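# Observations on chain architecture
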Amino acid sequence: MLKKDELKNGNRSAEASLQPSTTASTPSTAVDSLGDKLNAINLTSVASSSLPSKGAITTATTAPVVAPIDDFDMNDMDDPLAGFEAQRSGIKDISLKEQFLNPTDANIESLQTLLAARIREGSGETLFEIGVEEDGAPMKLSEAEYETALTTVKTAAAAVGAEVAIMYEKNAGLSAGASIVPESKDKEDEDTAIAAEPSIAPTADVTDQSTYKSSYVMIRKTPKSVEELLELRVAVVGNVDAGKSTLLGVLTKGVLDDGRGKARVNLFRHKHEIDSGRTSSVGMEILGFDAKSVPVPTMSHGRNAPWDEICGKAAKVLSFIDLAGHERYLKTTVFGMTGCAPDFVMLMIGSNAGIVGMTKEHLGLSLALGVPVLVVITKIDMCPPNVLENTVKQLTKILKSAGCRKIPMFVKTHEDVVVTAGNFVSDRICPIFQVSNVTGEGLDLLKNFLNVLPISQKYNRDDPVEYQITDTFSVPFVGTVVSGVVMNGIVHAGDQLYLGPDGNGAFQMVTVKSIQRKRLNVPLACAGQSASFGLKKIRRSTIRKGMVMLDKETTPPPRGCREFEAEILVLYHSTTIGHKYQAMLHCGAVRQTARVLAMDKPDQILRTGDRATVRFQFLQPAYLKVGARLIFREGRTKGIGKVSKIVA
């Protein structure tokens, strides 16, 4: 059984070592350790893996984690962190424990600089472990020393404009009389899931002096304005009747369901959705957490709090993209997954129905796009134990299959939440929650997990502006409004940008007269943020989904393309794919029919499992970039690939 305290990442890099426990008292019949399982599949070779640090810092960033501090070049940055290396160089021999327990001005200043750097690396937040040195050695803090260390961290965090919230506290010491006792587990389940943290069962010989205290704390910066608000986009997918809209209603509205769909009514956008109980469009809901990691109340004066009120109190906002589960609306679901640029995917599975219908389709779509997946098993209050057990076994088998190669981790405690969230940026970890929207069981673990989720994607604010349009509106007294995601750069109100391509592949210059984020007016929108732009002197009829807005300094002036080449893999096709074959192609916000012109196969034919470089032709010009991921489908035919060349 793996002890979570053995997860190490001394230099906070993408390489992580997992050491299985060697405690003599561990029963030999216990399941294989998590370390053995991860080493067996060579997790450390995965380029995108990032495991939480055993040192004092666990940074909530994507993999690969930023370079070690000594490699930073901040001489050109005009901020308090510019002299970070110089400030740290004189205190290398001072341990964190010494800085925690001896809060002199120099030690406090050192911690301030360290926390500020970690917060910046984590895009506004960081997960910090008190009780462990940077090299992974335990500090062995007593109760009084731990309280002193916590006070010191809070003082340093307050100086950099951040708040500290305790995510999990533990007594990590063992005496000679203590033993490691694995959690009870049926023999049948030993090869289906990775067990959680072994419980520590102290005997009568254990005294208070033999234990030491440590904790994980979330340090989150308090935003000075809405434009500094942290944002994560989570796409919610799963088969029809899996409980997607109901769970979002429970999470975002703060009320439990009555078992008949009461919680989902406020999420629907159309009358036929209310009548049928099935989502047919892309819905949006938000859940806010303040700087102290407390959920922002969603009810105000007996009514649902508006978005601007929630965002005004929040430091971090999760935007849930509620997608359709019915096969009839697959095109809408794929567009939501590609165009809205989700950071994570939450796959919903009804425990009573199991993995049926579109569940595998949506899981495969997530894997094709390379988006991390977490699984939520719902309706556990009404599901018989044997049916739930079969669902869990079926899910674990699929996740471990050669097509997925995921590591299922069942989250049952708050310590599991913290450790799994730190590992989640890896392509291999798949957290699994079991919840009930009626009784509320498991919802606290899911909320805590969403709170500590790190920013998974890195966007570059220094690159030229690129904004993908996912929807258009005509607002009275405002004019034409477009919504989408800023992929690169920073857009200010009043900026002039290229908009296109039109039917001829040309771009025109437009002016952004106003910007809104989460229904709040803001002066600017940065890379990675979803925003709406009010445009001057342009008709809505001239804009369509899939268009982009680009920096006016773009050289040469941008043009739309009709033909491009892509390296593709055919996942399934009942017969053969040849010349003039047409399919619906999704690439970012682009969604339109494309035709096959040529391929690098001698017989000019593709079958299931074939790889090839194929030249496609759009019916209308579109804006594509080399390296962009694409998905094409037609009926049950599916294929994935990457754009390799823009032809014309």
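Residues numbered from 1 in each chain as written. Predicted model: local features only at pLDDT ≥ 70, side-chain atom pairs only at ≥ 80, totals over all residues. Heavy atoms only, no water.

We apply this condition: UniProt positions are given in the numbering used here, feature names are shortened, and annotations may be inferred rather than shown by experiment.
The name an unreviewed UniProt entry assigns to the chain is p-loop containing nucleoside triphosphate hydrolase protein, from the organism Linnemannia elongata AG-77. Regarding the chain, the UniProt comment filed under Sequence similarities (unreviewed entry) reads as follows: "Belongs to the TRAFAC class translation factor GTPase superfamily. Classic translation factor GTPase family. EF-Tu/EF-1A subfamily."

## Quick word on helix 4 (residues 105-121)
Let me state the cut-off plainly: Each helix is a run of DSSP H or I of at least 4 residues and each strand a run of E of at least 2, with the numbering of both proceeding from the N terminus. Multiplying one less than the number of residues by 1.5 Å gives the expected span of a helix. Here the term buried applies to any residue with accessible area under 20% of the maximum for its type, exposed to any over 50%, and partly exposed to those in between, with areas from a 1.4 Å probe on protein chains only.
In a regular helix each residue adds 1.5 Å, so 17 residues correspond to 24 Å; helix 4 covers 24 Å between its end C-alpha atoms and thus fits that length. Most of helix 4 is tucked away: 12 of the 17 residues are buried. Among the residues of helix 4, N107, I108, S110, L111, T113, L114, L115, A116, A117, R118, I119 and E121 are the ones counted as buried. Phi turns positive, to about 60°, at S123, one or two residues after helix 4.

## Considering the nonpolar core
What counts is decided by this rule: In this description, a nonpolar core means a group of buried Ala, Val, Leu, Ile, Met, Phe, Trp, Tyr and Cys residues linked to one another through side-chain atoms lying within 4.5 Å. Boundaries between domains were set according to an automatic or database domain assignment. In this description, contact between two residues means that some pair of their heavy atoms is separated by no more than 4.5 Å.
Judged by nonpolar contacts, the single largest core of 38 residues is most densely connected at L247, F320, M346, V376, F433 and L446. With six residues, the top contributor of residues to this core is helix 13 (residues 443-452). Built from parts of two domains, this core gets at least three residues from each of domain 1 (96-170 + 211-221) and domain 2 (226-452). Apart from residues lying up to four places away in sequence, V376 is in contact with L247, M346, L347, M348, I349, F433, V435 and L446. One finds V282, I321, I355 and C404 within the second-largest nonpolar core, a separate group that totals 34 residues.

## Some thoughts on the sheet that holds strand 9 (residues 230-238)
Here is the rule: Think of it this way: DSSP has to see at least two bridges between two strands before they count as a pair. An axis is simply a line fitted to the C-alpha atoms; with a helix, the fit covers only the stretch in contact. Between two such axes, the angle follows the N-to-C directions and lies from 0 to 180 degrees.
Across the sheet, which stays open at both edges, the seven strands sit in the order 10-13-9-14-15-17-16 with mixed pairing between neighbours. The open sheet terminates on both sides in strands that have one partner only, identified here as strand 10 (283-289) and strand 16 (407-410). On average, adjacent strands in this sheet sit at an angle of 25° to one another, irrespective of strand direction. Where strand 10 and strand 13 (residues 316-322) come together, seven bridges link them in antiparallel fashion. Bridge assignment links G288 to a residue of strand 13, and that residue is V317. Sheet strands touched by helix 10 (residues 359-369): strand 9, strand 14 (344-350) and strand 15 (373-378). Its angle to strand 14, the strand with the most contacts, is close to 165°.

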